[in-house]
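Examining the three-dimensional arrangement
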Amino acid sequence: MALLAVAMWVGSRDRDDRGLAQEPHPAGAAQTTFHVAQTDVPYDGDVWTTIYVAASGDPTAPPGLDHFPQPGEVWVSPAVRDALDTDTSSASRVPGSITGTISAAGLQSPDQLLVYVARTSAGRTWYSADGWGENADVAGRPTVPSFVVLALILGLAGMPALLLQRAVARGAVLARGLSMRRLFRLGVSRRTLSWAAATDAVWCGLTGFVVALPVAAAAVLLSQPDAVLGLSWFPPPTVLPLIPSAVVAACLLGGVAIVAARGSAERVAAIAGDDRGPLPLRAWRRVPFVAGTALLLGIVVPGALTGHGHASGAVWALYLGAPLALVGGVLILPEVVGRLGDTLGSRARGVGAHLALKRVGWDRDALAAAGAGLLVAVTCAWLAAGVVTDLGATSTAGPLGYQYSVTFPVAEDDSVRAVASIPAVTRVLLNGPPRHRTATGTCEDLSRSLGAVDAGAGDALAAVCVPNSVFKVVPLGRPETADRIAIGGSDTWRLVGTRIVAADPSTVEEPLRDPELLVHPADDLDGYFSAVMGQAPLATVANIEASTYLPMIAPTQRLLVATSAMGAAAGLVLWWLSTAGEGDRFSRYHMRLSAVGHTRAPALHFWGQAFAGAVTLVFATWVGWLVAEAYTVIGGLGRSPWHLGLVVTATAASALMMALAGGLVAARRRSHEPPRYPTAD
């Protein structure tokens, strides 16, 4: 998991660097070596980028090409070739015959859709450039910012993995308890046993690291081309980044050694009889959780009452309250599990229920350590659900879908009319400068286009619009004439002063100046824009209803699912290792029950763990909901993460049941083994 997370982080940074390297560098007239124009058109959830170039000096070759494209040449990325093979309509997006393929050095990722087209001369709207490489990526591809990638990896996968690392090291010490007991009684010093445990743990960790290398490399090679983990990237020649992987491995192995040495010292102290037992539950352990919960409730409660949570103080309260609640939850989880077990165990009527619940209280520290990974994973996954919910609410399509603007830098009347004739749900052609614009469209398209943002205004326009009529819209209360009509509705300001022509936009006969086509494309979005690019290759397309966060939503969702799955896997393995894996503890428990004639130790073991797991899951759901709800309240978009959060809890509950079932099988198998300790022990 650590190696895969490092590969994802380094791959994300490499994507950013490659994106900046392929951007044309603007220049003044004196330094100009070529002119450039760029179009970015949606395709298959990504962006199809076409860069037009025309040399005016001795330009530098773009990244991924061995020379600057000559007039008439067309260079495409491998992803474009794949699209042309699978989607015949996309051929209209490539203006000319393909000359060659852009190499990996000139691409942001394997799935980038990039085309270079060379022209003899530049258009009047092209800009000057003197090379390649810019400090801002303007392509607008769907991606996740690097700091978000790092936060998701550390929060959703890193924290559960660190808890798992600690549990594995302590579990290794417990598994060697009998050997340590014998060596200590033979006179081996505590210091030597601690060093031996640390060396043993590091050696086993190195073995795991060697095994992990090919597994992580295979995972990278299988997942990154198709963006299974949220993003696609070019791995280095070694597949895994060497230096970051070595640093992470050294940190993990060092942590394993420290935990193993401390665990050995505690184990020897218990053998020697001077163990003071588990630390008492001090009141200070409740302070972080209480403080974090109070800060989060201070956001959620006023937000639920007023619907506002944008204040900077609320943001800082979230930044401080979320980690306090999470860390505090881990600290007080033993108290929550133990007290519930003791209280319910004292009230239980049956002997079996009494013993199962009492054991929860006796083993509160071990069960809480096992549940810590589950608590962190579920809480972080709830927060991820809140982020996805908030992102989705920032860009909500209307009843007709998103409305797009198609502009034409080179206003060729025939190509504009040809684009306006492409079938779509609505088509409205704007012509002329802003203060003297003419909007041309059928009465139905005009009313539906306006009704998409203001239903009342759309209905009002439909009531007064007559086919083939020409009129202007004036504000309500102004004098009306045959060609000056007032329309009600909160959004009619968009049309005030605009000359309306109720006709098919493809039949416009007047000269076109700064034309802009407002469309709601049909269901086949890719096919529509392929047709647009075939008629007007330099047309610029923009989604005028979606927010700037729209390109982040899909990759962020995939990345959240991937990192949440990694964190959940770590949490469940941690639970299994810390419960079913503690063979010595169960053996003693089984032996003591057998001594008093009780033979249902595996079942009691299972129900005790199930109770602790259920308590942990409910507690984690509460903390996770509080953090996620605070995040969405600050977003101020009126969405709740409940629907996605409940999916998180249900998934965690199902996985927990499978882990418990595996623990029951292991407990039954161990109950048939001969005791490892004398009965007197």
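Scope of this entry: the structure provided in the associated data block. (Residues numbered from 1 in each chain as written. Predicted model: local features only at pLDDT ≥ 70, side-chain atom pairs only at ≥ 80, totals over all residues. Heavy atoms only, no water.)

**Observations regarding helix α4 (residues 177-185)**
By the burial criterion, the buried members of α4 are Gly-177, Leu-178, Met-180 and Arg-181. End-on view of α4: buried residues confined to an arc of 165°, all on one side of the axis. Positive phi shows up at Gly-187, right after α4, with a value of about 105°. (Buried < 20%, exposed > 50% of the residue type's maximum accessible area, 1.4 Å probe, protein only. Helix = DSSP H or I, 4+ residues; strand = E, 2+ residues; numbered from the N terminus. Arc of directions from axis to C-beta.)

**Some thoughts on the sheet that holds strand β7 (residues 127-132)**
With respect to topology, 7 strands assemble into an open sheet ordered β1-β7-β2-β3-β6-β4-β5, the strand pairing being mixed. Each edge of the sheet is formed by a strand with only one pairing partner; in this case those strands are β1 (24-26) and β5 (100-101). The strands touched by helix α14 (residues 525-535) within the sheet are β2 (34-43) and β3 (46-55), with β2 carrying the most contacts at an inclination of about 155°. (Pairing = 2+ DSSP bridges. Contact = heavy atoms within 4.5 Å. Axes fitted to C-alpha atoms, helices over the stretch in contact; angles between N-to-C directions.)

**Some thoughts on the packing of helix α11 (residues 413-420) against α14**
Contact pair α11 / α14: the axes reach a minimum separation of 9 Å and the direction vectors enclose 165°. Taken together, the axis directions place α11 and α14 in an arrangement best described as roughly antiparallel. When the axes of α11 and α14 are compared, the crossing they make is right-handed. Along the contact surface, α11 presents Ser-415, Ala-418 and Val-419, while α14 presents Tyr-528, Val-532 and Gln-535. (Parallel < 35°, antiparallel > 145°, perpendicular 65-115°, else oblique. Left-handed = near helix turned anticlockwise from the far one by under 90°.)

**What to know about the pattern of salt bridges**
The final tally for this structure, using the stated rule, is 8 salt bridges. Note that Glu-335 is salt-bridged to Arg-286, the shortest N-O span being 2.7 Å. Of this pair, Glu-335 sits in helix α8 (residues 312-347) while Arg-286 sits in helix α7 (residues 286-306); the two residues are 49 residues apart in sequence, bridging distant segments of the chain. For Glu-335, a relative accessible area of 9% corresponds to the buried category. The network of salt bridges with common partners includes Arg-286, Glu-335 and Arg-339. (Salt bridge = Lys/Arg side-chain N within 4 Å of Asp/Glu carboxyl O.)

**Things to note about the nonpolar core**
For soluble globular proteins, nonpolar side chains are generally found buried alongside one another. Leu-296, Ile-299, Leu-318, Val-378 and Phe-619 are the most contacted members of the largest nonpolar core, which has 43 residues in total. Looking at this core, the elements that each hand over two or more residues are α7, α8, α9 (351-362), α10 (364-394), α17 (601-635) and α18 (642-671). Beyond its immediate chain neighbours, meaning those up to four positions away, Phe-619 contacts Phe-289, Gly-329, Ile-332, Leu-333, Val-336 and Leu-375. In terms of nonpolar packing, the next biggest core, distinct from the first, is built from 36 residues, Tyr-52, Val-80, Val-406 and Val-541 among them. (Core = buried A, V, L, I, M, F, W, Y, C linked by side-chain atoms within 4.5 Å.)

**Some details on helix α1 (residues 2-21)**
The terminal C-alpha atoms of α1, which comprises 20 residues, lie 29 Å apart, in line with the 28 Å expected from a rise of 1.5 Å per residue. Of the residues making up α1, those classed as buried are Leu-3, Leu-4, Ala-5, Val-6, Ala-7, Met-8, Gly-11, Ser-12, Arg-15, Arg-18 and Gly-19. (Expected span 1.5 Å × (residues − 1).)

**Concerning the environment of Arg-639**
Within the secondary structure, Arg-639 sits in the loop between α17 and α18. Taking relative accessible area as the criterion, Arg-639 reaches 40% and is therefore assigned partly exposed. Residues Arg-639 and Gly-386 lie 253 residues apart in sequence; the distance between their C-alpha atoms is 8.8 Å.

In short, shape yes, function no, at least from these values alone.
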